[in-house]
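Fold and contact review
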Amino acid sequence: QVQLVESGGGLVQAGGSLRLSCVVSGRTFSRYGMGWFRQAPGKEREFVAAISWSGSSTSYADSVKGRFTISRDNAKKTVYLQMNSLKPEDTAVYYCAADKEPVRGARQAEADFGSWGQGTQVTVSS
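Every chain begins its residue count from 1, and numbering advances along the sequence as written. In keeping with the model being predicted, local features are shown solely for residues with a pLDDT of at least 70 and side-chain atom pairs are shown and tallied solely at 80 or more, while totals for entire chains, interfaces and linings include all residues. Side-chain calculation: all heavy atoms of the structure are included, whereas hydrogens and water are not.

Brief notes about the overall build of the protein
Helix and strand labels come from DSSP, where a helix needs a run of H or I of at least four residues and a strand needs a run of E of at least two; each type is numbered from the N terminus. Counting secondary structure elements, the protein contains 0 helices and 11 strands. Along the protein, helices and strands appear, N-terminal first, in the series β-β-β-β-β-β-β-β-β-β-β. Taking 14 Å as the expected radius of gyration for a compact globule of 126 residues, we find that the protein reaches 13 Å, a close match to that expectation. Judged by the C-alpha coordinates and their principal axes, the protein covers about 40 × 25 × 25 Å. Think of it in three bands: with a 1.4 Å probe and only protein chains considered, a residue is buried below 20% of the maximum accessible area for its type, exposed above 50%, and partly exposed in between. Out of the 126 residues in the protein, the part that is buried amounts to 44%. Taking contacts inside the protein between residues at least 6 apart in sequence as the whole, the part at least 24 apart equals 59%. For the accessible areas, the method is Shrake-Rupley and the probe is 1.4 Å, while residue cover comes only from the protein chains on display. For the protein, the accessible surface area stands at approximately 6,100 Å², while carbon and sulfur atoms represent 45% of it. Two residue types count as positive, namely Lys and Arg, and two as negative, namely Asp and Glu; His and chain ends fall outside the count. A single reference atom marks each charge: NZ on Lys, CZ on Arg, CG on Asp, CD on Glu. Once the 15 positive and 11 negative side-chain charges of the protein are each reduced to a mean point, those two points are 5 Å apart. The quantity called the radius of gyration is restricted to C-alpha atoms. Its globule counterpart is 2.2 Å times the number of residues to the power 0.38. The criterion used for residue contact is that any of the two residues' heavy atoms lie within 4.5 Å.

Written out as structure tokens, the structure reads:
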């Protein structure tokens, strides 16, 4: 059974930075793409960023391009989301997700991901 555990969320002032981590267990991490999604209060969950199984390709939502960076460390079975220049509108619960299928590019659709973490809260104050 695949398990994903996020950490690194918290309260930060606008303009600040946070780094989220997601540790994966229960599968061959290096063969699967990973993604980050977020859900703000009263809103649908939305795509934030994704990275391919090899790490060679990434994709980002327009709202975070140039501010967020996704990366992975296969030795540590961990995917990261570095968030810089945070804005109040980035406030949300952030979820880590693992691709359903191995050896694919950076996916963006929720339906492509089969395993999810429990989420970590990020709050950006103005």
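From this point on, the discussion continues.
Some remarks on the nonpolar core
Here, nonpolar core refers to any group of buried Ala, Val, Leu, Ile, Met, Phe, Trp, Tyr and Cys residues whose side-chain atoms link them within 4.5 Å. Formed by 33 residues in total, the largest nonpolar core has its most connected members in Met34, Trp36, Val79, Leu81, Met83 and Tyr94. Where this core is concerned, the elements lending two or more residues are β3 (18-25), β4 (32-39), β5 (46-51), β7 (68-73), β8 (78-83), β9 (92-102) and β11 (120-125). Apart from the residues within four sequence positions on either side, Met83 is in contact with Gly16, Ser17, Leu18, Leu20, Arg67, Phe68, Tyr94 and Val122.

Side note on the side chain of Arg38
With respect to the element layout, Arg38 can be found in strand β4. For Arg38, a relative accessible area of 5% gives the class buried. N or O atoms closer than or at 3.5 Å make up a polar contact, with two conditions inside protein: a donor-capable atom paired with an acceptor-capable one, and, for residues adjacent in sequence, both atoms drawn from side chains. A distance of 3.5 Å separates polar atoms of two side chains, one belonging to Arg38 and the other to Ser63. Within polar-contact distance, the side chain of Arg38 engages the side chain of Tyr94 at 2.9 Å. Not counting the four nearest positions on each side in its chain, Arg38 is found in contact with Glu44, Arg45, Glu46, Val48, Ser63, Val64, Phe68, Glu89, Asp90, Ala92, Val93 and Tyr94.

Describing the pattern of salt bridges
The term salt bridge refers to a pairing of a side-chain nitrogen on Lys or Arg with a carboxyl oxygen on Asp or Glu at a separation within 4 Å. The final tally for this structure, using the stated rule, is 8 salt bridges. Between Glu46 and Arg38 there is a salt bridge, and its shortest N-O distance comes to 2.6 Å. Look at Glu46 and you get partly exposed, because its relative accessible area is 36%. The salt bridge involving Asp90 is made with Arg67; its shortest N-O contact spans 2.7 Å.

Any functional reading would require information that these geometric values do not contain.
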